[in-house]
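Each chain, letter by letter, is given below.
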Amino acid sequence: MAKSLTSTPAVPAAAHPHAHDHHSPQKRRGALAAGLSLLWCVFALLAQFSGALDAFEEPLVDWRQTLNAYPHPPSDQLALIAIDNIPAERPWPWSRLDYSLVLRSLIDYAPQSVVFEMNLNDRDTDYTSFDDTFSHIVERANTVIFAATVMTAKDTATPLPARLGSLPFYGGSRLVPRFGSAIWPLDTFAGDSPVGVNNVQAEAGLRLRRLPLVFMLDQHMVPSLVLQATAQLLGADLPTSEIQIGRAIFLRRKDGKLLRTIPIDEEGRLEIRFHAVPATSWTAGFDSVMVDDDQIQHNIPPEHDLRALAHRQVWIGRTDEGDRERFNTPLGKLSRVQVELQAERTILDQDYVRPLPPMILAALYILIGIGGATAMVRLGPIHTGALLIVLAAFWFESSLLTFRLYNVILPLPSFAMLIFGTFSMGLLALVWDLEPEADHGPLPHEV
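Residues numbered from 1 in each chain as written. Predicted model: local features only at pLDDT ≥ 70, side-chain atom pairs only at ≥ 80, totals over all residues. Heavy atoms only, no water.

Participant: Any chance you could explain the pairing of strand β13 (residues 258-263) here in plain terms?
Facilitator: Every regular strand shows the same layout, with side chains that alternate between the two sheet faces. Pairing between strand β12 (residues 248-252) and β13: 5 bridges, direction antiparallel. Bridge assignment links Phe250 to a residue of β13, and that residue is Thr261. Linking β12 back to β13 in an antiparallel pair, the connection comprises 5 residues, with Gly256 at a positive phi of about 95°. (Pairing = 2+ DSSP bridges. Helix = DSSP H or I, 4+ residues; strand = E, 2+ residues; numbered from the N terminus.)

Below is the structure:
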(Lines give C-alpha, C1' and ligand atoms only; values in the text may rest on other atoms or scores of the structure.)
Protein backbone atom coordinates (compact mmCIF):
# COMPACT_ATOMS: atom_id res chain seq x y z
CA MET A 1 0.00 0.00 0.00
CA ALA A 2 1.36 3.39 -0.89
CA LYS A 3 2.47 5.61 1.84
CA SER A 4 0.30 8.57 2.58
CA LEU A 5 1.62 11.68 0.98
CA THR A 6 0.64 13.69 3.98
CA SER A 7 2.05 12.90 7.39
CA THR A 8 2.11 14.69 10.65
CA PRO A 9 5.62 16.06 11.38
CA ALA A 10 7.28 14.57 14.40
CA VAL A 11 7.27 16.82 17.42
CA PRO A 12 10.64 16.70 19.25
CA ALA A 13 10.49 15.57 22.80
CA ALA A 14 10.65 18.39 25.29
CA ALA A 15 14.06 18.62 26.95
CA HIS A 16 14.30 18.47 30.73
CA PRO A 17 14.54 22.03 32.04
CA HIS A 18 17.90 21.32 33.76
CA ALA A 19 19.40 18.95 31.19
CA HIS A 20 21.54 21.66 29.54
CA ASP A 21 22.74 23.11 32.83
CA HIS A 22 23.99 20.16 34.83
CA HIS A 23 27.15 22.16 35.85
CA SER A 24 25.26 25.22 37.06
CA PRO A 25 25.23 24.33 40.78
CA GLN A 26 29.00 23.89 40.82
CA LYS A 27 29.57 27.15 38.95
CA ARG A 28 27.23 28.99 41.26
CA ARG A 29 28.93 27.50 44.31
CA GLY A 30 32.30 28.54 42.90
CA ALA A 31 31.08 32.10 42.36
CA LEU A 32 29.58 32.17 45.86
CA ALA A 33 32.84 30.87 47.37
CA ALA A 34 34.88 33.50 45.48
CA GLY A 35 32.56 36.31 46.58
CA LEU A 36 32.51 35.30 50.23
CA SER A 37 36.28 34.80 50.25
CA LEU A 38 36.85 38.21 48.66
CA LEU A 39 34.87 39.82 51.46
CA TRP A 40 36.95 37.92 54.01
CA CYS A 41 40.19 39.02 52.27
CA VAL A 42 39.13 42.65 52.54
CA PHE A 43 38.39 42.12 56.24
CA ALA A 44 41.80 40.49 56.83
CA LEU A 45 43.61 43.29 54.96
CA LEU A 46 41.79 45.96 56.95
CA ALA A 47 42.83 44.22 60.16
CA GLN A 48 46.44 44.09 58.91
CA PHE A 49 46.75 47.69 57.73
CA SER A 50 44.81 49.25 60.62
CA GLY A 51 47.24 47.83 63.19
CA ALA A 52 44.56 45.73 64.88
CA LEU A 53 46.88 42.70 64.80
CA ASP A 54 50.06 44.48 65.94
CA ALA A 55 49.76 43.02 69.44
CA PHE A 56 50.15 39.57 67.88
CA GLU A 57 52.61 40.50 65.12
CA GLU A 58 55.21 42.44 67.11
CA PRO A 59 56.24 39.57 69.44
CA LEU A 60 56.75 37.43 66.34
CA VAL A 61 58.96 40.12 64.80
CA ASP A 62 60.93 40.24 68.08
CA TRP A 63 61.43 36.49 67.84
CA ARG A 64 62.63 36.74 64.25
CA GLN A 65 65.21 39.33 65.29
CA THR A 66 66.77 36.80 67.66
CA LEU A 67 67.46 34.39 64.77
CA ASN A 68 70.69 34.39 62.83
CA ALA A 69 70.52 36.69 59.83
CA TYR A 70 72.91 37.17 56.94
CA PRO A 71 76.44 37.99 58.20
CA HIS A 72 76.20 41.34 59.92
CA PRO A 73 79.42 42.25 61.75
CA PRO A 74 79.58 44.96 64.42
CA SER A 75 80.00 48.50 63.15
CA ASP A 76 83.55 49.71 62.60
CA GLN A 77 82.33 53.32 62.57
CA LEU A 78 81.18 53.32 66.19
CA ALA A 79 82.83 52.70 69.55
CA LEU A 80 81.57 52.52 73.12
CA ILE A 81 83.21 53.56 76.36
CA ALA A 82 80.94 51.90 78.88
CA ILE A 83 80.38 53.08 82.43
CA ASP A 84 79.79 49.52 83.56
CA ASN A 85 80.59 49.88 87.26
CA ILE A 86 79.60 52.57 89.76
CA PRO A 87 81.29 51.77 93.09
CA ALA A 88 79.70 52.80 96.36
CA GLU A 89 82.59 55.13 97.19
CA ARG A 90 82.07 56.93 93.87
CA PRO A 91 78.30 57.50 93.62
CA TRP A 92 76.49 58.84 90.59
CA PRO A 93 76.58 61.52 89.22
CA TRP A 94 80.31 61.76 88.70
CA SER A 95 82.46 64.83 88.78
CA ARG A 96 83.21 66.64 85.53
CA LEU A 97 86.88 65.95 86.25
CA ASP A 98 86.31 62.26 85.41
CA TYR A 99 84.96 63.16 81.97
CA SER A 100 87.78 65.67 81.45
CA LEU A 101 90.43 63.02 82.09
CA VAL A 102 88.83 60.47 79.75
CA LEU A 103 88.23 63.01 76.99
CA ARG A 104 91.81 64.21 77.35
CA SER A 105 93.00 60.60 76.90
CA LEU A 106 90.99 60.30 73.67
CA ILE A 107 92.06 63.52 71.95
CA ASP A 108 95.47 62.26 70.83
CA TYR A 109 93.83 59.39 68.91
CA ALA A 110 91.60 61.69 66.81
CA PRO A 111 88.13 60.14 67.09
CA GLN A 112 85.76 61.68 64.58
CA SER A 113 83.43 62.74 67.41
CA VAL A 114 82.54 61.94 71.02
CA VAL A 115 78.93 61.58 72.20
CA PHE A 116 78.03 61.94 75.88
CA GLU A 117 74.83 59.99 76.40
CA MET A 118 74.19 61.32 79.92
CA ASN A 119 72.74 64.81 80.41
CA LEU A 120 75.42 67.10 81.88
CA ASN A 121 73.05 69.85 82.94
CA ASP A 122 74.06 70.45 86.57
CA ARG A 123 77.03 72.29 87.94
CA ASP A 124 79.92 70.04 88.83
CA THR A 125 79.32 67.91 91.88
CA ASP A 126 82.69 68.91 93.42
CA TYR A 127 84.07 72.17 92.05
CA THR A 128 82.71 74.64 89.51
CA SER A 129 86.23 75.05 88.14
CA PHE A 130 86.01 71.51 86.77
CA ASP A 131 83.33 72.72 84.34
CA ASP A 132 85.82 75.24 82.94
CA THR A 133 88.50 72.57 82.70
CA PHE A 134 86.08 70.31 80.85
CA SER A 135 85.17 73.19 78.53
CA HIS A 136 88.80 73.73 77.50
CA ILE A 137 89.23 70.05 76.64
CA VAL A 138 85.94 70.03 74.67
CA GLU A 139 87.31 72.88 72.56
CA ARG A 140 90.38 70.80 71.70
CA ALA A 141 88.37 67.77 70.57
CA ASN A 142 87.12 67.42 66.99
CA THR A 143 83.41 67.41 67.87
CA VAL A 144 81.62 66.66 71.13
CA ILE A 145 77.86 65.99 71.07
CA PHE A 146 75.81 66.44 74.23
CA ALA A 147 72.44 65.12 75.39
CA ALA A 148 69.37 67.10 76.46
CA THR A 149 66.17 65.86 78.12
CA VAL A 150 62.71 67.16 77.21
CA MET A 151 59.83 67.34 79.67
CA THR A 152 56.07 67.42 79.19
CA ALA A 153 55.29 70.27 81.58
CA LYS A 154 56.13 73.80 80.50
CA ASP A 155 58.72 75.27 82.86
CA THR A 156 58.92 79.05 82.60
CA ALA A 157 61.80 79.11 85.07
CA THR A 158 63.98 77.22 82.56
CA PRO A 159 63.86 79.08 79.25
CA LEU A 160 64.69 77.23 76.06
CA PRO A 161 68.12 77.85 74.52
CA ALA A 162 68.26 80.84 72.23
CA ARG A 163 69.98 78.80 69.50
CA LEU A 164 67.44 75.99 69.59
CA GLY A 165 66.43 76.28 65.93
CA SER A 166 63.89 74.07 64.21
CA LEU A 167 64.21 71.31 61.64
CA PRO A 168 62.16 71.65 58.44
CA PHE A 169 59.31 69.15 58.32
CA TYR A 170 56.25 68.30 56.24
CA GLY A 171 53.08 66.43 57.04
CA GLY A 172 50.92 66.26 60.14
CA SER A 173 52.86 66.40 63.40
CA ARG A 174 49.86 65.64 65.61
CA LEU A 175 51.26 62.27 66.75
CA VAL A 176 54.87 63.39 67.19
CA PRO A 177 55.76 63.50 70.94
CA ARG A 178 55.24 67.05 72.24
CA PHE A 179 57.08 68.66 75.14
CA GLY A 180 56.95 72.06 76.79
CA SER A 181 60.41 72.45 78.32
CA ALA A 182 63.85 70.91 78.31
CA ILE A 183 66.86 70.31 80.53
CA TRP A 184 69.82 71.46 78.45
CA PRO A 185 73.54 70.81 79.03
CA LEU A 186 75.50 73.72 80.48
CA ASP A 187 76.53 76.46 78.11
CA THR A 188 79.90 76.49 79.89
CA PHE A 189 81.06 73.56 77.78
CA ALA A 190 78.14 72.77 75.43
CA GLY A 191 77.40 76.27 74.14
CA ASP A 192 79.00 75.66 70.74
CA SER A 193 78.40 71.91 70.47
CA PRO A 194 75.61 69.92 68.78
CA VAL A 195 72.85 68.77 71.16
CA GLY A 196 70.26 66.02 70.76
CA VAL A 197 67.37 64.79 72.90
CA ASN A 198 68.08 61.49 74.66
CA ASN A 199 64.47 60.64 75.65
CA VAL A 200 63.46 57.07 74.85
CA GLN A 201 59.72 56.49 74.50
CA ALA A 202 59.31 52.91 75.72
CA GLU A 203 56.10 50.90 75.64
CA ALA A 204 54.45 49.26 78.65
CA GLY A 205 56.85 47.21 80.71
CA LEU A 206 59.82 49.15 79.24
CA ARG A 207 59.40 47.19 76.00
CA LEU A 208 61.37 48.96 73.28
CA ARG A 209 61.09 48.35 69.55
CA ARG A 210 61.18 51.88 68.11
CA LEU A 211 63.18 55.00 68.90
CA PRO A 212 61.95 58.58 68.31
CA LEU A 213 64.24 60.52 65.99
CA VAL A 214 62.45 63.86 66.33
CA PHE A 215 60.47 65.68 69.02
CA MET A 216 58.20 68.73 69.09
CA LEU A 217 59.55 71.16 71.67
CA ASP A 218 57.40 74.28 72.03
CA GLN A 219 56.55 74.43 68.30
CA HIS A 220 60.12 73.52 67.31
CA MET A 221 61.06 70.22 65.66
CA VAL A 222 64.28 69.11 67.37
CA PRO A 223 66.50 66.07 66.70
CA SER A 224 67.13 63.14 68.98
CA LEU A 225 70.64 62.37 70.16
CA VAL A 226 70.80 59.47 67.68
CA LEU A 227 69.76 61.66 64.74
CA GLN A 228 72.19 64.40 65.77
CA ALA A 229 75.06 61.92 66.14
CA THR A 230 74.26 60.19 62.84
CA ALA A 231 74.07 63.48 60.96
CA GLN A 232 77.43 64.54 62.37
CA LEU A 233 79.10 61.22 61.51
CA LEU A 234 77.79 61.24 57.93
CA GLY A 235 78.52 64.93 57.39
CA ALA A 236 74.84 65.82 56.99
CA ASP A 237 73.42 69.27 57.60
CA LEU A 238 70.14 69.03 59.54
CA PRO A 239 68.71 72.43 58.44
CA THR A 240 69.26 71.35 54.82
CA SER A 241 67.71 67.95 55.43
CA GLU A 242 64.01 67.20 55.11
CA ILE A 243 61.60 65.43 57.46
CA GLN A 244 58.39 63.96 56.07
CA ILE A 245 56.33 62.74 59.02
CA GLY A 246 54.98 59.24 58.47
CA ARG A 247 57.37 58.58 55.62
CA ALA A 248 61.09 59.32 56.03
CA ILE A 249 63.88 61.65 57.11
CA PHE A 250 66.06 62.65 54.16
CA LEU A 251 69.54 63.44 55.47
CA ARG A 252 71.39 65.77 53.09
CA ARG A 253 74.71 67.53 52.96
CA LYS A 254 74.88 71.27 52.77
CA ASP A 255 75.18 71.02 48.96
CA GLY A 256 71.92 69.04 48.83
CA LYS A 257 73.39 65.58 48.22
CA LEU A 258 71.20 62.87 49.74
CA LEU A 259 73.11 60.72 52.27
CA ARG A 260 70.41 58.60 53.93
CA THR A 261 66.68 57.99 53.68
CA ILE A 262 65.49 56.95 57.15
CA PRO A 263 61.96 55.49 57.32
CA ILE A 264 59.86 56.82 60.22
CA ASP A 265 56.26 56.37 61.32
CA GLU A 266 53.61 58.99 62.14
CA GLU A 267 55.26 59.56 65.53
CA GLY A 268 58.68 60.19 64.03
CA ARG A 269 60.04 56.83 65.25
CA LEU A 270 62.53 54.48 63.65
CA GLU A 271 61.96 50.73 64.01
CA ILE A 272 65.28 49.36 65.26
CA ARG A 273 66.82 46.32 63.62
CA PHE A 274 68.39 44.46 66.53
CA HIS A 275 71.20 41.99 65.92
CA ALA A 276 72.60 39.48 68.38
CA VAL A 277 76.17 40.66 67.74
CA PRO A 278 77.29 43.87 69.55
CA ALA A 279 76.56 47.15 67.80
CA THR A 280 80.22 48.21 67.93
CA SER A 281 83.43 46.36 67.18
CA TRP A 282 85.35 48.39 69.81
CA THR A 283 84.24 48.56 73.45
CA ALA A 284 86.14 49.45 76.62
CA GLY A 285 85.33 50.28 80.20
CA PHE A 286 85.38 53.90 81.32
CA ASP A 287 88.11 53.38 83.91
CA SER A 288 90.39 51.48 81.54
CA VAL A 289 90.75 54.28 78.96
CA MET A 290 93.29 56.29 80.96
CA VAL A 291 95.26 53.12 81.74
CA ASP A 292 95.32 52.17 78.06
CA ASP A 293 96.48 55.67 77.11
CA ASP A 294 99.28 55.54 79.67
CA GLN A 295 100.44 52.15 78.43
CA ILE A 296 100.52 53.35 74.82
CA GLN A 297 102.57 56.40 75.86
CA HIS A 298 105.10 54.04 77.51
CA ASN A 299 105.15 51.58 74.58
CA ILE A 300 103.35 48.89 76.56
CA PRO A 301 100.75 46.86 74.63
CA PRO A 302 97.37 48.04 75.97
CA GLU A 303 94.29 45.93 76.62
CA HIS A 304 92.32 48.20 74.27
CA ASP A 305 94.17 49.91 71.45
CA LEU A 306 92.98 53.51 71.47
CA ARG A 307 94.65 54.09 68.12
CA ALA A 308 91.78 52.14 66.54
CA LEU A 309 89.45 55.02 67.48
CA ALA A 310 90.72 57.25 64.69
CA HIS A 311 87.80 58.45 62.54
CA ARG A 312 85.25 56.61 64.71
CA GLN A 313 82.39 58.08 66.67
CA VAL A 314 82.87 57.27 70.37
CA TRP A 315 79.84 57.05 72.66
CA ILE A 316 80.20 57.37 76.44
CA GLY A 317 77.29 56.12 78.54
CA ARG A 318 76.06 53.94 81.38
CA THR A 319 75.68 50.19 80.95
CA ASP A 320 75.89 49.17 84.62
CA GLU A 321 73.27 46.86 86.10
CA GLY A 322 72.36 49.51 88.66
CA ASP A 323 70.89 51.74 85.96
CA ARG A 324 67.15 51.71 86.60
CA GLU A 325 66.28 52.51 83.00
CA ARG A 326 67.02 49.22 81.27
CA PHE A 327 64.77 48.30 78.36
CA ASN A 328 63.28 44.98 77.29
CA THR A 329 64.38 44.28 73.72
CA PRO A 330 64.57 41.18 71.50
CA LEU A 331 68.16 40.84 72.77
CA GLY A 332 67.18 41.02 76.44
CA LYS A 333 67.66 43.98 78.76
CA LEU A 334 69.74 46.81 77.29
CA SER A 335 70.75 50.21 78.65
CA ARG A 336 69.78 53.39 76.87
CA VAL A 337 73.18 53.90 75.24
CA GLN A 338 73.15 50.32 73.93
CA VAL A 339 69.72 50.86 72.38
CA GLU A 340 70.86 54.14 70.82
CA LEU A 341 73.90 52.45 69.31
CA GLN A 342 71.68 49.74 67.81
CA ALA A 343 69.49 52.48 66.31
CA GLU A 344 72.43 54.41 64.85
CA ARG A 345 73.89 51.24 63.35
CA THR A 346 70.49 50.56 61.74
CA ILE A 347 70.75 53.95 60.00
CA LEU A 348 74.42 53.75 59.08
CA ASP A 349 74.03 50.29 57.54
CA GLN A 350 70.59 51.15 56.07
CA ASP A 351 69.46 47.94 57.70
CA TYR A 352 65.80 48.90 58.03
CA VAL A 353 62.91 46.64 58.96
CA ARG A 354 60.37 46.89 56.14
CA PRO A 355 56.85 45.52 55.68
CA LEU A 356 55.85 43.91 52.41
CA PRO A 357 54.46 46.67 50.11
CA PRO A 358 50.68 46.95 50.66
CA MET A 359 49.74 46.44 47.00
CA ILE A 360 51.78 43.23 46.75
CA LEU A 361 50.36 41.93 50.03
CA ALA A 362 46.78 42.73 48.98
CA ALA A 363 47.25 41.00 45.62
CA LEU A 364 48.69 37.88 47.28
CA TYR A 365 45.91 37.71 49.87
CA ILE A 366 43.14 38.09 47.29
CA LEU A 367 44.73 35.50 45.00
CA ILE A 368 45.15 32.99 47.84
CA GLY A 369 41.71 33.68 49.29
CA ILE A 370 39.73 33.34 46.06
CA GLY A 371 41.83 30.45 44.80
CA GLY A 372 41.53 28.50 48.05
CA ALA A 373 37.78 29.01 48.39
CA THR A 374 37.03 27.94 44.80
CA ALA A 375 39.34 24.95 45.22
CA MET A 376 37.05 23.81 48.03
CA VAL A 377 34.18 23.48 45.56
CA ARG A 378 36.27 21.54 43.05
CA LEU A 379 38.47 19.41 45.32
CA GLY A 380 36.44 19.05 48.50
CA PRO A 381 37.32 19.98 52.08
CA ILE A 382 39.94 17.26 52.75
CA HIS A 383 42.16 17.99 49.76
CA THR A 384 41.70 21.75 50.07
CA GLY A 385 42.51 21.65 53.79
CA ALA A 386 45.74 19.76 53.05
CA LEU A 387 46.61 22.27 50.32
CA LEU A 388 46.05 25.23 52.67
CA ILE A 389 48.21 23.61 55.37
CA VAL A 390 51.06 23.20 52.89
CA LEU A 391 50.59 26.81 51.78
CA ALA A 392 50.68 28.05 55.39
CA ALA A 393 53.90 26.12 56.05
CA PHE A 394 55.45 27.62 52.90
CA TRP A 395 54.42 31.14 53.99
CA PHE A 396 55.91 30.60 57.46
CA GLU A 397 59.25 29.42 56.07
CA SER A 398 59.25 32.27 53.55
CA SER A 399 58.65 34.78 56.36
CA LEU A 400 61.78 33.56 58.16
CA LEU A 401 63.89 33.60 55.00
CA THR A 402 62.83 37.03 53.77
CA PHE A 403 63.42 38.56 57.20
CA ARG A 404 66.86 37.00 57.57
CA LEU A 405 67.97 38.07 54.10
CA TYR A 406 66.13 41.34 53.46
CA ASN A 407 64.48 42.44 56.76
CA VAL A 408 61.08 42.20 55.02
CA ILE A 409 58.14 41.26 57.25
CA LEU A 410 55.66 38.74 55.88
CA PRO A 411 52.75 39.02 58.35
CA LEU A 412 51.79 35.84 60.15
CA PRO A 413 48.63 36.58 62.26
CA SER A 414 46.71 38.09 59.34
CA PHE A 415 47.82 35.22 57.10
CA ALA A 416 46.56 32.69 59.64
CA MET A 417 43.31 34.66 59.71
CA LEU A 418 43.19 34.55 55.89
CA ILE A 419 43.70 30.77 55.74
CA PHE A 420 41.01 30.12 58.36
CA GLY A 421 38.55 32.40 56.58
CA THR A 422 39.33 30.93 53.17
CA PHE A 423 38.57 27.41 54.39
CA SER A 424 35.43 28.56 56.22
CA MET A 425 34.05 30.53 53.26
CA GLY A 426 34.68 27.64 50.87
CA LEU A 427 32.99 25.20 53.25
CA LEU A 428 30.03 27.55 53.65
CA ALA A 429 29.62 27.80 49.86
CA LEU A 430 29.86 24.01 49.61
CA VAL A 431 26.94 23.34 51.97
CA TRP A 432 24.81 26.31 50.98
CA ASP A 433 21.37 25.26 49.63
CA LEU A 434 21.22 26.80 46.15
CA GLU A 435 18.05 25.01 44.93
CA PRO A 436 14.85 27.11 44.96
CA GLU A 437 11.79 25.66 46.67
CA ALA A 438 9.74 23.53 44.20
CA ASP A 439 6.42 24.94 42.93
CA HIS A 440 3.82 22.12 43.23
CA GLY A 441 0.97 24.04 41.58
CA PRO A 442 -2.29 25.18 43.17
CA LEU A 443 -3.83 23.28 46.01
CA PRO A 444 -6.94 21.19 45.23
CA HIS A 445 -9.35 23.59 46.94
CA GLU A 446 -7.91 26.47 44.85
CA VAL A 447 -8.92 24.84 41.52
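Participant: Would you explain the packing of aromatic side chains in this entry?
Facilitator: Any aromatic ring pair is given by two values, namely how distant the centres are and how the planes are angled relative to each other. Under the definition given, this model contains 16 aromatic pairs. The interplanar angle of 50° and the centroid separation of 6.5 Å between the aromatic rings of Tyr99 and Phe134 together place this pair among those described as tilted. With a gap of 35 residues between them, Tyr99 in helix α3 (residues 96-107) and Phe134 in helix α4 (residues 129-140) connect regions that are remote in the sequence. Relative accessible area serves as the criterion here: at 2%, Tyr99 is assigned to the buried category. Centroid distance Trp395 to Phe415: 4.3 Å. Interplanar angle 0°. Geometry classified as stacked. (Phe/Tyr/Trp six-rings, centres within 6.5 Å; stacked < 30°, edge-to-face > 60°. Buried < 20%, exposed > 50% of the residue type's maximum accessible area, 1.4 Å probe, protein only.)

Participant: Looking at this structure, how should I read a nonpolar patch on the surface?
Facilitator: A grouping of Leu38, Val42, Leu46 and Ile366 is seen on the molecular surface, where their side chains present a nonpolar patch of about 310 Å² in accessible area. Among the elements that make up the nonpolar patch, the one with the highest residue count is helix α1 (residues 24-49) (3 residues). Assignment of secondary structure puts Leu46 in helix α1. Judged by its relative accessible area of 56%, Leu46 falls in the exposed class. (Patch = residues over 30% accessible without salt bridge, like charges linked within 9 Å, V, L, I, M, F, W, Y side chains within 5 Å. Areas by Shrake-Rupley, 256 points an atom, 1.4 Å probe, with all protein chains shown as cover. Salt bridge = Lys/Arg side-chain N within 4 Å of Asp/Glu carboxyl O.)

Participant: Explanation requested: the environment of Ala190 in the structure shown.
Facilitator: Assignment of secondary structure puts Ala190 in helix α5 (residues 187-190). For the pair formed by Ala190 and Ala147, sequence separation is 43 residues and the distance between their alpha carbons is 9.5 Å. Apart from residues lying up to four places away in sequence, Ala190 is in contact with Phe146, Arg163 and Pro185. (Contact = heavy atoms within 4.5 Å.)

Participant: Would you mind showing me how to read the pattern of salt bridges here?
Facilitator: Any two side chains of opposite charge can pair, given that their charged atoms come close. Inspection of the entire model under this criterion finds 19 salt bridges. Asp98 serves as the salt-bridge partner of Arg90, at 3.3 Å between the closest nitrogen and oxygen. Residue class for Arg90 comes out partly exposed when judged on its relative accessible area of 22%. Salt-bridge contacts for Glu321 lead to Arg326; the nearest nitrogen and oxygen are separated by 3.9 Å.

Participant: Would you take a moment to explain the sheet that holds strand β9 (residues 214-217) for this structure?
Facilitator: What links the strands of a sheet is backbone hydrogen bonding, and the strands pair in either a parallel or an antiparallel sense. The strand order across the open sheet formed by 3 strands is β5-β9-β10, and the pairing between neighbours is mixed. At either end of the open sheet lies a strand with only one pairing partner, and these are β5 (178-179) and β10 (220-223). Pairing geometry for β5 and β9, over 2 bridges, is parallel. Looking at the pairing, Phe179 lines up with Leu217 of β9.

Participant: What's the story with α1 in this structure? I'm lost.
Facilitator: An α-helical turn contains 3.6 residues, so any two residues separated by three or four positions project in the same direction. Taking 1.5 Å of rise per residue, 26 residues should cover 38 Å, and α1 covers 37 Å from first to last C-alpha, within 8% of that figure. For α1, the full list of buried residues reads Ser24, Gly30, Ala33, Ala34, Leu36, Ser37, Cys41, Ala44, Leu45 and Ala47. For α1, the secondary structure elements touched by its buried residues are α9 (358-379) and α11 (413-431). (Expected span 1.5 Å × (residues − 1).)

Participant: Which parts of the structure should I look at to understand the side chain of Ser288?
Facilitator: Inspection of the secondary structure puts Ser288 in helix α7 (residues 288-297). Within the structure, Ser288 has its side chain in polar contact with the backbone oxygen of Gly285 (distance 2.8 Å). (Polar contact = N/O pair within 3.5 Å; in protein donor to acceptor, adjacent residues only side chain to side chain.)

Participant: What should I look at first to understand the pairing of strand β2 (residues 113-116) in this one?
Facilitator: Both faces of β2 are covered, namely the face carrying Ser113 and Val115 and the face carrying Val114 and Phe116. Relative to strand β16 (residues 313-318), β2 is paired through 4 bridges, and the arrangement is parallel. Bridged to Val115 within β16 is Trp315. Note that β2 and strand β3 (residues 144-151) share 2 bridges and pair parallel. Note on β3: the bridge partner recorded for Val114 is Val144.

Participant: Would you explain the sheet that holds strand β11 (residues 242-244) in this entry?
Facilitator: On the basis of which strands lie adjacent, the open sheet formed by 4 strands has the order β4-β11-β12-β13 and mixed pairing. Strand pairing shows two members of the sheet lacking a second neighbour, β4 (169-170) and β13, which therefore form its edges. Pairing of β11 with β12 involves 3 bridges; the strand directions are antiparallel. For Gln244, the partnering residue across the bridge sits in β12 and is Ala248. The strands touched by helix α6 (residues 225-234) within the sheet are β12 and β13, with β12 carrying the most contacts at an inclination of about 35°. (Axes fitted to C-alpha atoms, helices over the stretch in contact; angles between N-to-C directions.)

Participant: Is there a simple way to think about the packing of α9 against helix α10 (residues 381-406) in this case?
Facilitator: In contact at an axis separation of 8 Å, α9 and α10 are set at 155° when each is read in the N-to-C sense. What the angle tells us is that α9 and α10 run roughly antiparallel. Between α9 and α10 the crossing geometry is right-handed. Residue-level inspection shows Leu361, Leu364, Tyr365, Ile368, Gly372, Ala375, Met376 and Leu379 of α9 in contact with α10, the latter providing Pro381, His383, Thr384, Leu388, Leu391 and Trp395. Broken down by class, the residue content of the contact of α9 with α10 amounts to 11 nonpolar, 3 polar and no charged. (Parallel < 35°, antiparallel > 145°, perpendicular 65-115°, else oblique. Left-handed = near helix turned anticlockwise from the far one by under 90°. Nonpolar A, V, L, I, M, F, W, Y, C, P; charged D, E, K, R; others polar.)

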